[in-house]
Amino acid sequence: MTNLDSRQWIDGAWVPGTGRFASINPADGSVVGHAAEGGRAEAEAAIAAAHDAFNRPDWAQNPRLRQSVLLGWADRLDAQAEDLARLLTLENGKAIAQSRGEIAGAISEIRYYGGLARHVPGHVLEVEPGVLSTMLREPAGVAALIIPWNAPAVLLARAIGPALACGCTVVVKPAAQTTLLTAAFLRALSEVPGLPRGVCNMISETGHSAAARLVDSPLVDVVSFTGSTATGKRIMVAAADTMKKLSLELGGKSCCVVFPDADPAETAARIATAATIISGQQCTAARRVLVHASAFDAMKTHLRAALAAMTVGNGLDPAIRMGPLIDRPARDQVQAQVERAFDACDEVLLRGGMPADAPAAASFLTPSLVAHDDPSAFFCQDEIFGPFVVLERFETEAEAVAKANNTVFGLSASVWTRDGARALRVARALRNGTVWINDHNRLFAEAETGGYRQSGLGRLHGYDAFADFTELKHVCQTVGTIG
C-alpha cells in the first residue's frame with residue numbers, strides 16, 4: 001500500500017476537498033499521509049447521491065447483487081489484509097497483533113452480512129377469512145455511518161455490512177484520525193464490479209459540519225454512531241426534528257466480578273489484557289474489577305503485576321502489547337483524570353504515566369491501578385478512556401450486583417467463577433447488553449451487541465442488526481374465499 005493519501009468518494013468518483021489534513025502516527029508524531037478536507041457542501045452532495053441511488057431499483061431491490069458485491073469486497077480486503085493492518089497501526093497506534101485481528105474480524109463481518117443479504121424475509125398472516133396481512137422488511141433508505149477511530153475497520157464493517165446487505169445506501173463519515181484506513185477499505189469496495197454509483201459514499205473532515213448535516217438532513221433516514229454518550233445525546237437532539245432511526249453504541253464502564261474460586265493469577269492476567277486493549281480505548285474494556293473480600297489481596301497483587309508487566313511502545317514492534325493513545329489531546333485528558341483519581345482514591349496500586357524513553361511527540365500512557373471502596377466516586381462512574389482500572393471489594397453476590405449496576409451505563413460486564421449456576425445467576429442480574437463468563441471482550445459477527453441505559457440504542461452484529469436499517473411494512477389485502 002504505497003498511496004497514503006485519500007480523497008472523498010461521492011457519487012462514484014474519488015474527489016478532492018477544499019484542502020487536506022494530515023494523519024499523525026501517535027507513536028512518534030510523524031505524518032502517515034493526508035486526507036481530503038470536506039464539510040457541509042460535500043455532505044450535501046454525498047447525501048443526494050445516496051438518495052438518488054436508493055430510489056433506483058438496481059440496489060435496494062436486488063439482493064443477489066448485494067451479496068455478490070459484499071463477498072467481492074471481502075475477497076479484495078483479504079488480499080490486502082497485511083497492508084491494512086499495518087496502516088491501522090500507523091494511524092491508530094494499536095499493537096500490530098490487534099490490528100491483524102481487527103482486519104480479520106472486519107472481513108469476517110462483511111462475509112457474514114454478504115451471506116445474509118439474500119435472506120431478509122417477512123411473513124404472511126391470514127387475519128380473517130380471505131384477508132391476508134403481509135409483513136415486509138424493507139430497507140430504511142439512506143444511512144449515515146459515523147465511525148470512530150478506536151476500531152475503525154470492524155466498527156465500519158458491523159454498520160455498513162447490515163446497511164448494504166438489507167438494501168440501504170450509505171454515507172460514511174470516518175474519524176479524522178483514521179480516515180486513511182477507512183478510505184483504503186472503501187477503495188476496495190469501489191473496485192468491485194457491479195456496484196452502482198452512489199450506493200456508498202465517504203466524506204472526511206477535521207471539524208463537525210459534515211457530520212452535523214448527516215444528522216439533521218431530512219434525506220437521511222438512519223444515523224448509526226459509535227462514540228461517547230455525550231455525543232450520542234447531542235445526536236438524538238439534532239435528529240429529533242426529522243424523526244430518523246438511530247443506532248447508537250455509546251459509553252461503558254465495564255465491571256469484572258471476580259469470585260474467590262477463580263484462579264487469581266490467571267484471572268488477573270486476562271483482565272489486564274481486557275483493560276489495556278487498544279490502550280484502554282475500547283467501550284467494552286475492563287474498567288472496574290469487583291473482587292470478593294477473601295480474594296481481594298491476592299487479586300491486588302496479581303493484577304498490579306500483570307498491568308505493570310504490560311509492554312508499551314510502538315505497535316509495529318511485534319513484542320509490544322500496548323501502543324499509544326490516539327493523540328496528545330486524548331492522552332493529556334486521560335492523564336489529568338487519572339491524576340485526579342490518584343488524589344481521591346483509597347490506595348494507588350500502580351501509578352502510570354508517560355514512559356521516560358518515549359518520543360516527545362508520542363501519546364503513550366502506561367497502565368494505572370487504584371483501589372477504592374466507594375462506587376460513587378467519579379473515577380468509578382465516569383468513563384476514563386484509557387488504561388486505568390479501579391479495584392473494589394464485595395462480600396456477597398447481592399452486594400456485587402448492586403455495585404456493578406450502580407452506573408448510568410450498561411454496555412458490558414464479565415463474571416469470573418468456576419460455579420456455573422452462580423455465573424449464570426449473576427450474569428442475569430447484571431444490567432448489561434453483553435456479559436461474558438470467565439472471559440472479556442469476545443465479540444462475534446453472529447452475536448448482537450449493544451447497551452442498556454445510557455450505553456445506547458439498537459444492536460449491531462448478528463441478524464438483529466437489520467432492525468436498525470429496515471422498516472416493517474404491513475400490506476393488507478382482501479382476496480376473498482372460494483365457495
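Scoring rules and cut-offs
Residues numbered from 1 in each chain as written. Predicted model: local features only at pLDDT ≥ 70, side-chain atom pairs only at ≥ 80, totals over all residues. Heavy atoms only, no water. Helix = DSSP H or I, 4+ residues; strand = E, 2+ residues; numbered from the N terminus. Buried < 20%, exposed > 50% of the residue type's maximum accessible area, 1.4 Å probe, protein only. Contact = heavy atoms within 4.5 Å. Phe/Tyr/Trp six-rings, centres within 6.5 Å; stacked < 30°, edge-to-face > 60°. Lys NZ or Arg CZ within 6 Å of the ring centre and 35° of its normal. UniProt positions renumbered as here; feature names shortened; annotations may be inferred. Salt bridge = Lys/Arg side-chain N within 4 Å of Asp/Glu carboxyl O. 1 Å grid on protein atoms, 1.4 Å probe; cavity = no way out; pocket = protein on both sides within 12 Å on 5 of 7 lines; lining within 4 Å. Points joined across faces, edges and corners; volume = space filled by probe spheres on them. Nonpolar A, V, L, I, M, F, W, Y, C, P; charged D, E, K, R; others polar.

## Considering the side chain of T407
Within the secondary structure layout, T407 lies in the loop between helix 14 (397–404) and strand 18 (412–416). Judged by relative accessible area, which is 12%, T407 ranks as buried. The contacts of T407, once residues within four sequence positions are left out, are K253, Q381 and R453.

## A word on the packing of aromatic side chains
Taken as a whole and assessed by the stated rule, the structure comprises nine aromatic pairs. Here the aromatic rings of Y112 and Y113 are separated by 4.9 Å at their centres, their planes lie at 75°, and the arrangement is edge-to-face. Look at Y112 and you get buried, because its relative accessible area is 19%. Taken together, a centroid distance of 5.4 Å and an interplanar angle of 75° make the contact between F259 and F394 edge-to-face. You can see F259 sitting in the loop between strand 13 (254–258) and helix 10 (264–276) and its partner F394 sitting in strand 17 (residues 388–394), a full 135 residues away along the chain. A residue is classified by how much of its surface remains accessible, and F394, at 0% relative accessible area, is buried. Counting every residue linked through ring pairs, the aromatic cluster contains Y112, Y113, Y463 and F466. In this structure, R187 is placed above the aromatic ring of W14, and the distance from its NZ or CZ to the ring centre is 4.2 Å. Between R351 and the ring centre of F342, over which it is positioned, the NZ or CZ distance is 4.5 Å.

## Some thoughts on the UniProt feature "domain: Aldehyde dehydrogenase" (unreviewed entry) in the chain
This chain's UniProt record puts "domain: Aldehyde dehydrogenase" (unreviewed entry) on residues 14–475. For residues 14–475, the end-to-end C-alpha separation is 41 Å, with 40% helix and 21% strand making up the annotated structure.

## A closer look at the pattern of salt bridges
By the definition in use, this model includes 24 salt bridges. Here E397 makes a salt bridge to R422, at a shortest N to O gap of 3.5 Å. Here E397, found in helix 14, pairs with R422, found in helix 15 (residues 420–429); they are 25 residues apart in sequence, far enough to count as distant. Taken together, the shared-partner salt bridges connect R40, E44, R213 and D216 into one network.

## Observations regarding empty space enclosed by the protein
Overall, the coordinates contain two cavities of 30 Å³ or more when judged by the stated rule. If you add up the space inside the largest cavity, you get close to 50 Å³. For the largest cavity, the full set of lining residues is G252, K253, S254, C255, A404, T407, F409, G410, L411, S412, A413 and N432. Each residue belonging to the lining of the largest cavity can be placed in one class, and the counts come to five nonpolar, six polar and one charged. Empty space within the second largest cavity amounts to approximately 40 Å³.

## Some points on the layout of surface pockets
Here the largest pocket is characterised by a volume of approximately 1100 Å³. Lining the largest pocket are 36 residues, and of these W149, F225, G227, S228 and T231 sit closest to its centre. By volume, the second largest pocket is sized at about 640 Å³. In terms of lining residues, the second largest pocket is bounded by 33 residues, among which V154, I277, Q282, N441 and L443 are the most central. Where the lining of the second largest pocket is concerned, the elements lending two or more residues are helix 5 (96–116), helix 6 (152–165) and strand 19 (434–437). Across the lining of the second largest pocket, the residue classes tally to 13 nonpolar, 14 polar and six charged.

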